[in-house]
Amino acid sequence: MYRNPHEGWHGPLPPSLARRGFTHEFAPVADGVTLSFVRGPAHGTPLVLIPAQMGTWQTYTAVAADLSDDFEVFAVDVTGHGSSTWTPGDYTWNTVGRHLEDFLERVVRRPAVVAGNSSGGILALWLAANAPDSVAAIVLEDAPVFSVEWPRFRDRDRFVYQGLVHAVDVLGDVTHRQLADYFRGQELPVSPRRVKRMPDWVVDALGRGVSRWEQQHPGEPSGFQAWWAPSSFGDLFRSLSMFDPDFARSFVDGRIYADFSHEQALRTTTAPILLMHARWMRLERYGLVGAMDDDDARRVVALAPTDPTLAIARKPRDPPLRPSRLRPGTPRLRSHASHPAPRARGIGGRGAPGHENAPPIGRGVFGILDFGGPEGTRTPDPLHAMQVRYQLRHRPGWSLTDCQNPRNPAPQLHSSGGEIHHTRLALEGSGRSSKTLDVSEPSSW
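None of these values were measured; they are calculated from a predicted model. (Residues numbered from 1 in each chain as written. Predicted model: local features only at pLDDT ≥ 70, side-chain atom pairs only at ≥ 80, totals over all residues. Heavy atoms only, no water.)

Student: What is the right way to read the overall build of the protein chain from this model?
Tutor: Along the protein chain, the regular secondary structure elements total eleven helices and 17 strands. Taking all 445 residues of the protein chain together, the buried fraction comes to 58%. Accessible surface, the protein chain: about 18800 Å² in total, of which carbon and sulfur atoms supply 50%. (Helix = DSSP H or I, 4+ residues; strand = E, 2+ residues; numbered from the N terminus. Buried < 20%, exposed > 50% of the residue type's maximum accessible area, 1.4 Å probe, protein only. Areas by Shrake-Rupley, 256 points an atom, 1.4 Å probe, with all protein chains shown as cover.)

Structure, rendered in structure tokens:
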């Protein structure tokens, strides 16, 4: 049985987090596991961030500082990732979820908003269903709800599954592996007619760079640095070197799924849910390229314990979930508060009618934010589907700001109380360009 060679390791915090008072800490949880996490100053409601598979807490570095203005931020290394304990042979939604449940009880100690990207979103859903007293709300950042259930994940939605098969093949031997080979032979469809591949000579150059880094930084996680490569390459190789390949193997051989039903979890969940649904495509050769399709998103909405409100940011060429279904005055969510929510009457900012007296959000899906990858593509980044920047404020209402990439349009959704009062989607492009779309007026699209 092997162990994480970097368990307990921590380097200097990024300056943006150190200046805000973040600390890197470790917490013992169930099954003898220790979880690594960073914690921000206690500025409000706890916000627990769960990265995608192969990612670490550092994938949230770009947004954690801003989020700490309004939240007490906890960004966690999931079991099998980062500086946390590896548990080869024992990865299931239930065991990994139990570790996070214990983390909420022992460290956070009060109901938290739990946000998870990709597989981290499935863990957020698990927590909402199994630890309701510890969860105030969940954010599913393009989580593969339904699509990562067995055997559909293997047989129908094959693209991500095959990617994990490849990861196990090239990373499975933790003592003899070349991290750069993770990219060798990989194909990323960006349209029905276009596929991206990394040339072997680039993979070879990356491999030499990783080897140099490891020689210069003995005992530390891997990394990469070159004038011609973005800094994210260093983060990627660091994450890969701190990732237990048996976590990916559990998705390939079926162990991870156990008896966890997404449908039952949605029926059980009483916490508010915000579902972020990125663009996707289904190709005969690859299967589902993306986390979920529109039918999956509709099914999430249908299974929510209350009637949901839909707010969608998509180009008109994507017909299945067009905002044309939203008419002036109709965006509404039934509230389970002790008094009825005021009816949405206007479009605007803090001074919108009814905003001041909005009750807390009740149960159910309180919004869907739909957005895609970089301009000209329909697929999210393979490592971190969305570099999500969002802010959820509870006083006087909940709000969400999403920023996938500062170079690309950033949709914004604001909701307050039990109904949508701020139904603007502000799209900020490069430079000084911007555009505001009113989701209650389809003609503005």
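Student: Can you help me understand empty space enclosed by the protein in this one?
Tutor: To find leftover empty space, one rolls a probe the size of a water molecule over the atoms. The final tally for this structure, using the stated rule, is one cavity of 30 Å³ or more. Volume-wise, the largest cavity comes out at about 50 Å³. Per element, the largest residue contribution to the lining of the largest cavity is three residues, and it comes from helix α4 (residues 119–130). The residue makeup of the lining of the largest cavity, split by class, is six nonpolar, six polar and one charged. (1 Å grid on protein atoms, 1.4 Å probe; cavity = no way out; pocket = protein on both sides within 12 Å on 5 of 7 lines; lining within 4 Å. Points joined across faces, edges and corners; volume = space filled by probe spheres on them. Nonpolar A, V, L, I, M, F, W, Y, C, P; charged D, E, K, R; others polar.)

Student: How do you make sense of the packing of helix α6 (residues 158–171) against helix α9 (residues 245–253) when you look at a structure like this?
Tutor: Two quantities define a packed helix pair, namely the angle between the axes and the distance from one axis to the other. The N-to-C vectors of α6 and α9 enclose an angle of 140°; their axes lie 9 Å apart at closest approach. By the angle between their directions, the pair α6 and α9 is classed as oblique. In the crossing of α6 with α9, the sense of the turn from one axis to the other is left-handed. Contact residues: Y161, L164, V165, V168 and L171 in α6; P245, A248, R249, F251 and V252 in α9. Partitioned by chemical class, the residues of the contact of α6 with α9 number nine nonpolar, no polar and one charged. (Axes fitted to C-alpha atoms, helices over the stretch in contact; angles between N-to-C directions. Parallel < 35°, antiparallel > 145°, perpendicular 65-115°, else oblique. Left-handed = near helix turned anticlockwise from the far one by under 90°. Contact = heavy atoms within 4.5 Å.)

Student: Whenever I open this one, the pairing of strand β6 (residues 135–141) confuses me. Can you help?
Tutor: On a regular strand, each side chain points to the face opposite its neighbour's, so the side chains alternate between the two faces of the sheet. The buried fraction of β6 is high, at six of seven residues. Two strands pair when backbone bridges link them, and strand β5 (residues 112–117) and β6 are joined in this way by six bridges, in the parallel orientation. Its bridge partner being in β6, V113 is matched across the sheet by A137. For the crossover from β5 across α4 to β6, the handedness is right-handed. In the sheet, β6 pairs with strand β9 (residues 272–278) via four bridges, with the strands oriented parallel. Bridge pairing in β9 places I138 opposite I273. (Pairing = 2+ DSSP bridges. Right-handed = clockwise from strand over helix to strand, strands pointing away.)

Student: Teacher, can you tell me more about the pairing of strand β7 (residues 187–191) here?
Tutor: Relative to strand β8 (residues 194–197), β7 runs antiparallel, the two sharing four bridges. Bridging across to β8, L188 finds its partner in K196. In sequence, β7 turns back onto β8 through a hairpin of two residues.

Student: Is there a simple way to explain the environment of M54 in this structure?
Tutor: Looking at where M54 falls in the secondary structure, it is placed in the loop between β3 (45–50) and α2 (61–67). Taking relative accessible area as the criterion, M54 reaches 6% and is therefore assigned buried. For the pair M54 and S241, spaced 187 residues apart in the sequence, the C-alpha separation amounts to 9.3 Å.

Student: Looking at this structure, I do not really get the environment of Q186. What am I missing?
Tutor: Inspection of the secondary structure puts Q186 in the loop between α6 and β7. Classification of Q186 as partly exposed rests on a relative accessible area of 24%. Separated by twelve residues in sequence, Q186 and M198 place their C-alpha atoms 7.2 Å apart. Excluding anything up to four places from it in sequence, Q186 contacts H166, K196, R197 and M198. One polar contact links the side chain of Q186 to the main-chain carbonyl oxygen of Y182, over a distance of 3.4 Å. (Polar contact = N/O pair within 3.5 Å; in protein donor to acceptor, adjacent residues only side chain to side chain.)

Student: Can you walk me through the side chain of D294 in this structure?
Tutor: Its place among the elements puts D294 in helix α11 (residues 294–303). At 2.9 Å, the side chain of D294 forms a polar contact with the side chain of H277.

Student: Teacher, can you tell me more about the nonpolar core here?
Tutor: General note: in soluble globular proteins, nonpolar side chains tend to be found buried as a group. Of all hydrophobic cores here, the largest spans 74 residues; its most connected members are W93, F103 and F237. Sort the elements by how many residues they give to this core and α4 lands first, with eight residues. Other than its neighbours up to four places away in sequence, W93 contacts S119, I122, L123, W126, V148, F251, I256, Y257 and F260. L49, W57, V139 and M276 belong to the second largest nonpolar core, which has 21 residues in total. (Core = buried A, V, L, I, M, F, W, Y, C linked by side-chain atoms within 4.5 Å.)

Student: How do you make sense of the packing of helix α3 (residues 93–108) against α4 when you look at a structure like this?
Tutor: For the pair α3 and α4, the least separation of the axes is 9 Å and the interaxial angle reads 70°. Judged by the angle between their axes, α3 and α4 are roughly perpendicular. Crossing of α3 over α4 shows right-handed handedness. Taking contact as the criterion, the partners of W93, N94, V96, G97, R98, L100, E101 and L104 in α3 are, on α4, S119, I122, L123, W126, L127 and N130. Looking at the contact of α3 with α4 residue by residue, the classes come out as eight nonpolar, four polar and two charged.

Student: Please clarify how α3 should be interpreted in this entry.
Tutor: Turn by turn, an α-helix covers 3.6 residues, leaving residues three or four places apart pointing in a common direction. The element α3 is extensively covered by neighbouring structure, given that twelve of its 16 residues are classed as buried. Looking at α3, one finds that the buried residues are W93, T95, V96, G97, H99, L100, E101, D102, F103, L104, V107 and V108.

Student: Sorry, what's going on with the pattern of salt bridges here?
Tutor: When the charged atoms of two side chains lie near each other, side chains of opposite charge can form a pair. Going through the model one piece at a time under the given rule, you end up with 25 salt bridges. Between D66 and R20 there is a salt bridge, with its nearest N and O atoms 3.8 Å apart. Of this pair, D66 sits in helix α2 while R20 sits in the loop between α1 (15–18) and β1 (23–28), placing them 46 residues apart in sequence. Beyond isolated ion pairs, a larger network of salt bridges with shared partners links R152, D157, R282, D293 and D296. (Salt bridge = Lys/Arg side-chain N within 4 Å of Asp/Glu carboxyl O.)

Purely geometric stuff here, so don't read any function into it on its own.
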